[in-house]
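# Coordinate analysis (summary)
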Number of protein chains: 2
Amino acid sequence: METHDLRNAGLKVTLPRVKILQILENESTDRHLTAEKIYKILLAEDGDIGLATVYRVLTQFESAGLVTRHHFEGGNSVFELAKGSHHDHIVCIKCGKVDEFSDELIEARQKEIAKKLNYQLTDHSLYLYGFCPQCQKKTDPFPTL
Amino acid sequence: METHDLRNAGLKVTLPRVKILQILENESTDRHLTAEKIYKILLAEDGDIGLATVYRVLTQFESAGLVTRHHFEGGNSVFELAKGSHHDHIVCIKCGKVDEFSDELIEARQKEIAKKLNYQLTDHSLYLYGFCPQCQKKTDPFPTL
DNA sequence: ATTCCTGCAAAAAATTTGCACGCTT
DNA sequence: AAGCGTGCAAATTTTTTGCAGGAAT
């Protein structure tokens, strides 16, 4: 129930917020979406929700820790529902597919590096870019987007 | 001599291009600069070089492999002279300082992960964020920018 | 001479903000 | 009722593009 998450975050339960949360939770679509994409999904569904509101809500969600913002190559931000555990991303440069992974060894190493350089680590981001399995097949040059 | 690099890249040797290259090469300043910062340095030096030109030149340099573009957190792109070897970055979230490092173990692990997920890796980016040594000292809350 | 470059102004693209009205609590 | 939230339009910010004049080869 999204209602609870919102109340928990000190946010009023409003239609735009509930809907956006539902879109991000939707397992059947990509869970890494730009504000623009979310806006278009909302438009298609029916609503009268403005793009500005989408940005505002996403920013609030980010502050509340409900959502994580990523800066993939290419410029615009993508938003993802914050799952409990940290993970990194591998992104297909052709079709935009996003897979997730996490690796204890890399995590540990990052901490060592920060310590060696005397940085007090607060955050990090690791993105791998390449062709996903589908986009490598010569026989199917136009995989499903 | 920058002239050679430019000719090599198939670019005419012009004042804006030489100057921008010199700024990026300058050891005494940060070598990770936004287009805007480069533009301001150029303004200060004297020139009549437009911001649009800075962007154009940097984009050309990137295509030519002379320069690498990074997307640090916070939005705008930073540009760095492409050194021979790959390296990653650790960025101070307070003063903006950028340090570089490279770690074979992490590199190797990334390749393994890509292979396991059947991605054909083309690129990757790893950014660590935190407080640099200077910005942790309680006694000096305003370190040199 | 020819082609490539540049500055400027205007255009785009992404994101944020001001304001009056409306919904949540 | 009170305050927070929303839509819309306008403002910002970052980056790109069109064009006419100027340089590099």
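Worth saying up front: this structure is predicted, and the values here are computed from it rather than measured. (Residues numbered from 1 in each chain as written. Chains lettered and ligands numbered in written order. Predicted model: local features only at pLDDT ≥ 70, side-chain atom pairs only at ≥ 80, totals over all residues. Heavy atoms only, no water.)

Turning next to the pattern of salt bridges. The full count for this structure, using the stated rule, is 16 salt bridges over all chains. Across the salt bridge formed by E100 of chain A and K83 of chain A, the nearest N and O atoms sit 3.1 Å from each other. With E100 of chain A in strand β4 (residues 98-101) and K83 of chain A in the loop between β2 (77-81) and β3 (88-92), the pair connects residues that are 17 residues apart, well separated along the chain. According to the relative accessible area criterion, K83 of chain A is partly exposed, its value standing at 41%. D103 of chain A is the partner of R109 of chain B in a salt bridge, and the nearest nitrogen-oxygen pair spans 3.0 Å. (Salt bridge = Lys/Arg side-chain N within 4 Å of Asp/Glu carboxyl O. Helix = DSSP H or I, 4+ residues; strand = E, 2+ residues; numbered from the N terminus. Buried < 20%, exposed > 50% of the residue type's maximum accessible area, 1.4 Å probe, protein only.)

Here the focus is the protein's contact with DNA strand C. Contacts to DNA strand C come from 20 residues, most closely from Y55 of chain A together with R17, D48, I49 and T53 of chain B. Near-protein atoms of DNA strand C (within 4 Å) split between backbone and bases, with sugar and phosphate holding 72%. Interatomic distance of 3.3 Å between a backbone N/O atom of G50 of chain B and a phosphate oxygen of DNA strand C. At the level of elements, α4 (51-64) of chain A together with α2 (15-25) and α4 (51-64) of chain B are the ones that each hand at least two residues to the surface near DNA strand C. Considering every element that reaches the surface near DNA strand C, the biggest residue donor is α4 of chain A, with four residues. When its residues are assigned to classes, the surface near DNA strand C shows eight nonpolar, five polar and seven charged. (Near = heavy atom within 4 Å. Polar contact = N/O pair within 3.5 Å; in protein donor to acceptor, adjacent residues only side chain to side chain. Nonpolar A, V, L, I, M, F, W, Y, C, P; charged D, E, K, R; others polar.)

Here we take up the interface of chain A and chain B. Tallying the contact residues gives 36 residues for chain A and 36 residues for chain B. Carbon and sulfur atoms supply 64% of the area buried between chain A and chain B, which totals about 3200 Å² over both sides. The interface formed by chain A and chain B contains two salt bridges. On the surface where chain A and chain B come into contact, there are 14 residue pairs in polar contact (both at pLDDT 80 or more). Listed by contribution, the elements that provide at least two residues to the side of chain A that touches chain B are β3, β4, α5 (104-116), β5 (120-131) and α6 (133-136) of chain A. Per element, the largest residue contribution to the side of chain A that touches chain B is twelve residues, and it comes from β5 of chain A. Tallied by class, residues from the side of chain A that touches chain B come to 20 nonpolar, ten polar and six charged. As judged from the eleven bridges shared by β5 of chain A and strand β5 (residues 120-131) of chain B, these two strands associate in the antiparallel manner. (Contact = heavy atoms within 4.5 Å. Buried area = accessible area lost by both parts, 1.4 Å probe. Pairing = 2+ DSSP bridges.)

Further remarks concern the pairing of β5 of chain A. Across four bridges, the pairing between β3 of chain A and β5 of chain A is parallel. Each residue of the ladder has a partner; that of V91 of chain A, found in β5 of chain A, is Y129 of chain A.

Before going further, it helps to examine the relation of the copies chain A and chain B. Mapping chain A onto chain B calls for a screw motion: a turn of 180° about the axis and a shift of 0.0 Å along it, with 0.1 Å RMSD after fitting. In symmetry terms, the pair is related by a two-fold rotation axis. Ranked by how close their C-alpha atoms come to the rotation axis, the residues of chain A are headed by L126 of chain A, at 2.2 Å. Both copies contact each other with a shared surface, as 100% of the interface residues of chain A are interface residues in chain B too. (Least-squares fit on C-alpha atoms with pLDDT ≥ 70 in both.)

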